[in-house]
2 protein chains.
Amino acid sequence: MPAETLTAERILEATEEVLRRYGPAKATVVDVARVLGVSHGSVYRHFRTKAALREAVTHRWLTRAEDALAELVETSDRPAAEKLRSWFAGLFEAKRHKAGDDPELFATYGVLIDGSSGVVEQHIDVLIGQVRVIVEEGVRGGEFTAADPGVTARALFDATCRFHDPAYAPEWRLPTIQAEFDAVMDLLLRGLRA
Amino acid sequence: MPAETLTAERILEATEEVLRRYGPAKATVVDVARVLGVSHGSVYRHFRTKAALREAVTHRWLTRAEDALAELVETSDRPAAEKLRSWFAGLFEAKRHKAGDDPELFATYGVLIDGSSGVVEQHIDVLIGQVRVIVEEGVRGGEFTAADPGVTARALFDATCRFHDPAYAPEWRLPTIQAEFDAVMDLLLRGLRA
């Protein structure tokens with residue numbers, strides 16, 4: 001495979017594949033290069049260190065979820081309460097899907113994330129920013145009351161942590177989890193009502 | 001120390017001391033017996049296995065928090081909203097205190113708890129039962145609306161997990177944590193209001 005077609009995106013795809021296959025402890029840049037049929041020097045031309053490559057692949061994994069939810073924020077023909085419920089349901093569904101369908105990769109990203117907290121903080125800030133946009137929309141439309149939408153957005157995110165924090169992944173398979181999610185959302189949406 | 005004064009409570013105190021000193025991996029029944037100046041046979045007369053002793057000491061650790069909060073539920077001269085906020089603040093404070101003042105013992109109980117999930121489930125049921133009593137009181141007094149107080153109590157407990165689940169202990173030292181707790185409680189209490 002000629003080096004000129006080697007893009008950062010292709011390297012990141014191969015890295016994810018290698019991580020899935022060998023796990024975070026054993027995966028090396030040489031493995032990534034082998035999957036791509038290039039020298040490891042070619043990989044280093046795009047990502048200067050193994051740590052930089054791992055951070056980039058973690059960032060990519062986290063932003064995939066952000067992008068899908070951002071679309072939901074932008075559709076503006078629904079009441080804010082409904083949008084907010086869909087947003088948190090979408091976040092929960094995406095996390096549950098990742099944890100359930102590909103548990104090895106999910107665990108792998110758990111390890112990578114522990115080693116690069118800046119990336120996670122940035123991810124959480126982006127997500128809370130999206131919640132804030134919906135809260136502000138609800139306040140403008142007279143549907144919600146929130147003295148400080150930024151504080152309220154953070155409170156909503158904190159109050160739903162059981163349904164998006166990977167620490168709770170084992171509980172996402174419980175038969176009662178969907179009803180528990182609904183009960184928390186009902187209470188929070190009542191609390192927002194103007 | 002004569003064996004006849006040996007009570008289950010004294011054995012549990014000594015066990016906690018031994019766990020604090022050696023950690024859960026190394027602590028043995030022989031160590032507990034040595035601290036008490038008795039034979040390990042005397043300890044086994046009260047607790048038939050090492051596992052039974054560990055479960056009893058974990059149960060004791062968890063019920064200490066329950067008893068303090070139960071008192072709060074029984075005082076009936078305050079509005080339910082105020083009681084509910086105090087109850088969750090008391091739970092958070094107790095957990096934070098344990099995690100901050102004696103981190104080795106807190107970590108030790110974390111390990112023991114992972115190995116005896118029945119004890120934890122029972123503890124959570126007791127706590128949610130206390131929340132339910134306050135919610136029911138609020139509904140009776142016309143202060144709260146809750147179609148099913150049991151479901152609402154569970155939702156309140158789930159929505160505050162960041163402020164009592166030991167998985168979040170590292171975040172309890174953040175300077176913003178008290179403001180974040182207040183914001184979540186404000187939202188939840190608004191959601192309960194009749």
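Residues numbered from 1 in each chain as written. Chains lettered and ligands numbered in written order. Predicted model: local features only at pLDDT ≥ 70, side-chain atom pairs only at ≥ 80, totals over all residues. Heavy atoms only, no water.

- In the annotation of an unreviewed UniProt entry, chain A is listed under the name TetR family transcriptional regulator and assigned to Streptomyces lateritius.

**Points about the overall build of chain A**
Phase 1: When helices and strands are counted, chain A shows 9 helices and 0 strands.
Phase 2: When the helices and strands of chain A are placed in sequence order, the string is α-α-α-α-α-α-α-α-α.
Phase 3: Based on the C-alpha atoms only, the size of chain A along its principal axes is roughly 60 × 35 × 25 Å.
Phase 4: Residues classed as buried in chain A amount to 45% of the 194 residues present.
Phase 5: Within the structure as shown, chain A displays about 9500 Å² of accessible surface, and the carbon and sulfur contribution to it stands at 55%. (Helix = DSSP H or I, 4+ residues; strand = E, 2+ residues; numbered from the N terminus. Buried < 20%, exposed > 50% of the residue type's maximum accessible area, 1.4 Å probe, protein only. Areas by Shrake-Rupley, 256 points an atom, 1.4 Å probe, with all protein chains shown as cover.)

**As for the pattern of salt bridges**
Residues and elements named next belong to chain B.
Phase 1: Under the defined criterion, the tally for this structure stands at 31 salt bridges over all chains.
Phase 2: Between E17 and R21 there is a salt bridge whose closest N-O contact spans 3.6 Å. Of this pair, E17 and R21 both sit in helix α1 (residues 8-26), 4 residues apart, which is roughly one turn of that helix.
Phase 3: The exposure class of E17 is partly exposed, given its relative accessible area of 29%.
Phase 4: Among the salt bridges present, the one from K83 reaches E137, with a minimum N-O distance of 3.1 Å. Taken together, the residues K83 in helix α5 (residues 80-101) and E137 in helix α7 (residues 117-140) connect sequence positions 54 residues apart.
Phase 5: Classification of K83 as buried rests on a relative accessible area of 0%. (Salt bridge = Lys/Arg side-chain N within 4 Å of Asp/Glu carboxyl O.)

**What about the interface of chain B and chain A?**
Phase 1: The interface is formed by 21 residues belonging to chain B together with 21 residues belonging to chain A.
Phase 2: For the chain B and chain A pair, buried surface summed over both sides reaches about 1800 Å², with 63% attributable to carbon and sulfur atoms.
Phase 3: Across the chain B-chain A interface, the total number found is 2 salt bridges.
Phase 4: With its nearest N and O atoms 3.1 Å apart, the salt bridge here joins R162 of chain A to D158 of chain B.
Phase 5: Counting across the interface, chain B meets chain A through 8 residue pairs in polar contact (both at pLDDT 80 or more). (Contact = heavy atoms within 4.5 Å. Buried area = accessible area lost by both parts, 1.4 Å probe. Polar contact = N/O pair within 3.5 Å; in protein donor to acceptor, adjacent residues only side chain to side chain.)

**Re helix α6 (residues 103-114) of chain B**
All names here are of chain B.
Phase 1: In this model α6 runs 17 Å from its N-terminal to its C-terminal C-alpha over 12 residues, within 8% of the 16 Å that 1.5 Å per residue would give.
Phase 2: Here α6 has its buried residues at L105, F106, T108, Y109 and L112. Buried residues of α6 fall within an arc of 160° about the axis and therefore sit on the same side. Turned more than 90 degrees away from the buried face of α6 sit E104 and D114, all of them exposed.
Phase 3: Against the buried residues of α6 lie α1, α4 (50-74) and α5. (Expected span 1.5 Å × (residues − 1). Arc of directions from axis to C-beta.)

**A look at the nonpolar core**
Phase 1: Within the largest apolar cluster, 117 residues are counted, with the highest numbers of intra-cluster contacts made by W87 of chain A together with W87 of chain B.
Phase 2: Apart from residues no more than four positions distant in its own chain, W87 of chain B is found in contact with L69, L72, V73, L127, Q130, V131, I134 and F157 of chain B. (Core = buried A, V, L, I, M, F, W, Y, C linked by side-chain atoms within 4.5 Å.)

**Considerations on the UniProt feature "DNA-binding region" (unreviewed entry) in chain A**
Phase 1: The UniProt record marks residues 28-47 of chain A with the feature "DNA-binding region" (unreviewed entry), using the residue numbering of this structure.
Phase 2: Here residues 28-47 of chain A runs as 75% helix and 0% strand, with 13 Å between its end C-alpha atoms. (UniProt positions renumbered as here; feature names shortened; annotations may be inferred.)

**Concerning the domain arrangement of chain A**
Residues and elements named next belong to chain A.
Phase 1: Domain annotation for chain A reports domain 1 (1-48) and domain 2 (59-192).
Phase 2: Relative placement of domain 1 and domain 2: their C-alpha centres are 31 Å apart.
Phase 3: Taken together, the contact pairs 8 residues of domain 1 with 9 residues of domain 2.
Phase 4: Counting each side, the surface lost to burial between domain 1 and domain 2 is near 750 Å², with a carbon and sulfur contribution of 57%.
Phase 5: On the domain 1 side of the interface with domain 2, the three residues burying the most area are E16, R20 and P24, jointly 65% of the side's total.
Phase 6: At the boundary of domain 1 with domain 2, the tally comes to 4 salt bridges.
Phase 7: Across the pair E9 and R60 runs a salt bridge, and its minimum N-O distance is 3.0 Å.
Phase 8: Linking domain 1 with domain 2 are 4 residue pairs in polar contact (both at pLDDT 80 or more), by the criterion used here.
Phase 9: For the side of domain 1 that touches domain 2, the residue count by class is 3 nonpolar, 1 polar and 4 charged. (Domains from an automatic or database assignment. Nonpolar A, V, L, I, M, F, W, Y, C, P; charged D, E, K, R; others polar.)

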